[in-house]
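Chain by chain, the residues run as shown.
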Amino acid sequence: MTQFEEGKIKIHTENIFPIIKKAVYSDHEIFLRELVSNGVDAISKRRMASIAGDCESIDEAKIQIKINRENKSIVISDNGIGMTADEIKKYINQVAFSSAEEFLQKYQENQEGIIGHFGLGFYSSFMVANNVEIVSKSAIKDSLPVKWSCDGSPKFTLESSDKKEIGTEIILYLMEEEIEYIEPARIKTLIKKYCDFMPVDVQLEGESINKTSPPWRKNSKDLKDEDYIEFYKYLYPFQGDPLFWVHLNTDYPYNLQGILFFPKISGRADWESGEIKLFSNQVFVSDSIKEVVPRYLLPLRGVIDSTDIPLNVSRSALQSNRKVRSIANFISKKIADKLKSLKNDNPSLYSEIWNSIAPFIKIGAMEEEKFADQVEELIIFKTIRKDMFTEKDIILSSGDSSFTTIKEYSNRLTQEDGGKVLYCTDEISQSNPLNLWKSQGKEIIIADTVIDSQFIPWLETRNEKITFQRVDSEIDDSLNAHNPEITDLDGDNKSETLRDLIKTSLNNEKITIQIKSLKDNDDIPAMILLPEQMRRINDMGALMEQKVPGLPENHVLLVNRNHPIVEGLSKLKSSSIIIDNQGSSQNTLLIKEISVHLYEMACLSIGGLDPEKMSNFQKKSSALMGKLISKIT
């Protein structure tokens, strides 16, 4: 065997290999991606060169991985264009190391990490191997095969070889601490993770492992719904079917392909990490791409493949990259276009999946003005009182639920409504005031997602002519029967007497007492009202602290003067007999207990009693019933 050369690789830093092994890659497993990617590039070069008539053509392109347990080695071979001795000296000894040193300097200056860690290519093999050999035969006619060896130091040898087939073999003699990579199951897992959609057949001990024709590289017209669903289930097994998907494909002003799926999300979505997989020319790079897509799209799933996303830069540099920002805008617009066509072409499906897609749209609209403009007409709310709609109203429906946009709701408002949009966030806890409004034929929208506490104020800033009022914020004059009251000799009426009576009984200055005769409704003795702006501040504070909003200290107790219990309070007061010079009566304690009971019942209906107060409420209710029964007997 003829030795052509022996020497030192030209590099200024003697400790380049320790840096490669310890500093650059957090996951040593990436070596396999780098080496297989190089093999794919070599095969591509041979194909182009053969078309030009510069070398022999290739019959069946493939990359083979073989394991030798005895000498603890892995062989990654390709039948690509191969290298001559001069090319090895140029691309392995000089160019690769000089670019590697520049790459390392950038890496060491930035602690945020490098996206994808592309750049070192072949030299990533020294992360797992203490000795590496390259055996290569160029596809150029009459080229001599060569062998390059390096033990992880700057020293190398370059000699002749007896390799017969065109292509390149990379032989890795593994370190003891990296011996896991001689296990076939480990290698197969890495091929699935990093090389699953490479355009060349990757084989492990003769078995084909990867898929060579990714769906996102195909024309959407050539794919059926079943193809997309099958691809989704392959990427995300046991996750059910996606709601719908968007096929991305553009080659100007940048190259980008991909498929994004809207998943069925149960529970809280992850708005920070994301599950979209980033590929570069079919090579897996990362599944954390919050610098590439807007935050509100991170819970989407699927694939984005682009060679125009710079990988050898820091994450902060990626965020400020103009091309990356343009790609993010492109993706957002495609999502908005898909949603628009879905709402127009299949409104029943759009209504059916609205609850699942609403968080994406609402958060996106609040975070990005351009996206807000694109989806403004796509934001819908479930609406109550559908019997009041006419044939002119465009109402989306799914099952028994009807949906409307805020613009359509506003068009149905009368001048008397004053641009007021009524909404409900919980049909159970707000059932009493909700039913009051419904009894008067008012339309109410349901805004029951967590994000709505921020979204509704945001909507008001975009629509100055309307204001949002929750059903339990106040009861206006339209719900008041306005029954005339007789004033006594002291100038007091029944309502004022009741107000003073209940206020004294509750003894809490933070509770405002209102007495009203509720129209057409005598089954509600009392309810809690929460003034809109005060409640919003309370809800926002709870959201910041990531807890469920409680009952604000300052609130309103609305008492229905028409209810029998309330009327009974008045009778107890009028029948009281003063028994001492302080003005006390035998009914004073009972009046107080009934007033507190009315208040706590109102709190109970909105979930405003903590466990301790709930327990006391039950005990006091039993005691009160006993006293009232004793009055009868």
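Small disclaimer: the values here were computed from a predicted structure and weren't measured.

Conventions and cut-offs
- Residues numbered from 1 in each chain as written.
- Predicted model: local features only at pLDDT ≥ 70, side-chain atom pairs only at ≥ 80, totals over all residues.
- Heavy atoms only, no water.
- Buried < 20%, exposed > 50% of the residue type's maximum accessible area, 1.4 Å probe, protein only.
- Helix = DSSP H or I, 4+ residues; strand = E, 2+ residues; numbered from the N terminus.
- Arc of directions from axis to C-beta.
- Contact = heavy atoms within 4.5 Å.
- Core = buried A, V, L, I, M, F, W, Y, C linked by side-chain atoms within 4.5 Å.
- Pairing = 2+ DSSP bridges.
- Axes fitted to C-alpha atoms, helices over the stretch in contact; angles between N-to-C directions.
- Phe/Tyr/Trp six-rings, centres within 6.5 Å; stacked < 30°, edge-to-face > 60°.
- Lys NZ or Arg CZ within 6 Å of the ring centre and 35° of its normal.
- Left-handed = near helix turned anticlockwise from the far one by under 90°.
- Nonpolar A, V, L, I, M, F, W, Y, C, P; charged D, E, K, R; others polar.
- Salt bridge = Lys/Arg side-chain N within 4 Å of Asp/Glu carboxyl O.

(A) Region of the structure containing helix α15 (residues 564–574). Within α15 the residues assigned to the buried category are V566, L569, S570 and L572. Down the axis of α15, the smallest arc covering the buried residues is 160°, so these residues share one side. Exposed positions of α15 whose direction lies more than 90 degrees from the buried face are P564, K571 and S574. Each element contacted by the buried residues of α15 is listed here: α13 (494–506), β23 (555–560) and α16 (588–605).

(B) Layout of the nonpolar core. With 77 residues, the main nonpolar core has I304, I331, I335, Y350, W354, I357 and F468 as its most contacted residues. A per-element tally of this core places helix α8 (residues 347–367) first, with nine residues. The contacts of I335, once residues within four sequence positions are left out, are V246, L260, F262, L297 and L300. One finds I76, Y123, I170 and I209 within the second-largest nonpolar core, a separate group that totals 61 residues.

(C) Examining the sheet that holds strand β21 (residues 511–516) more closely. With mixed pairing, the three strands of this open sheet are ordered in space as β21-β23-β22. Pairing within the sheet leaves two strands with one partner each, and these edge strands are β21 and β22 (526–529). Averaged over all neighbouring strand pairs, the angle between strand axes comes to 25°, with direction disregarded. Alignment of β21 against β23, held across six bridges, turns out to be parallel.

(D) Quick look at unusual backbone geometry. A cis amide bond, omega 5°, links Y252 with the succeeding residue P253. Counting through the fold element by element, P253 comes out in the loop between β10 (244–250) and β11 (256–262). Its identity is not glycine, yet K72 carries a phi of approximately 50°, on the positive side. Taking relative accessible area as the criterion, K72 reaches 29% and is therefore assigned partly exposed. Although it is not a glycine, F238 adopts a positive phi angle of roughly 65°. By the element assignment, F238 lies in the loop between α5 (225–235) and β10.

(E) Looking closely at the packing of aromatic side chains. Taken as a whole, this structure holds 26 aromatic pairs when the rule is applied. A ring pair is formed by F122 and W148, whose centres lie 5.6 Å apart and whose planes are at 75°; its orientation type is edge-to-face. Of this pair, F122 sits in the loop between α3 (85–109) and β4 (129–137) while W148 sits in strand β5 (residues 146–150), and the two are 26 residues apart along the sequence. Residue classification places F122 among the buried residues on the basis of a relative accessible area of 7%. With centroids separated by 5.0 Å and ring planes inclined at 65°, the aromatic side chains of F262 and F360 adopt a geometry described as edge-to-face. Note that F262 is positioned in strand β11 and F360 in helix α8, a separation of 98 residues in sequence. On the basis of relative accessibility, which here comes to 3%, the residue F360 falls in the buried class. By way of ring pairs, the aromatic residues Y194, F197, W216, Y228, F231, Y232, Y234, Y236, W245, F261, F279 and F284 are connected into one cluster. We note K211 situated over the ring of Y234; from NZ or CZ to the ring centre the distance is 4.6 Å.

(F) Structural detail: the packing of helix α2 (residues 30–51) against helix α4 (residues 184–194). It is the contact of α2 with α4, at a shortest axis distance of 9 Å, that shows an interaxial angle of 65°. You can see that α2 and α4 cross each other, and the crossing is right-handed. Where α2 abuts α4, its residues I30, L32 and R33 lie against I187, L190, I191 and Y194. Residues that form the contact of α2 with α4 fall into these classes: six nonpolar, no polar and one charged.

(G) Layout of the pairing of β23. Taking burial as the measure, the six residues of β23 include six buried ones, the bulk of the element. Across the two faces of β23 the burial is the same, with H555, L557 and V559 and V556, L558 and N560 all buried. Sheet topology places β22 next to β23; four bridges connect them, and they run antiparallel. Of the residues in β23, the one forming a bridge with A526 is V559.

(H) Geometry of the pattern of salt bridges. Overall, the coordinates contain 28 salt bridges when judged by the stated rule. K72 serves as the salt-bridge partner of E176, at 2.7 Å between the closest nitrogen and oxygen. Here K72 lies in the loop between β2 (62–68) and β3 (73–78) and E176 lies in the loop between β7 (167–174) and α4, a separation of 104 residues in the sequence. The closest approach of N and O atoms between K89 and D86, which form a salt bridge, is 3.6 Å. Of the two residues, K89 and D86 are both situated in helix α3; the distance of three residues between them amounts to about one turn of the helix. Using a relative accessible area of 53% as the deciding quantity, one classes D86 as exposed. Through salt bridges that share partners, E29, E180, R186 and K193 make up one connected network.

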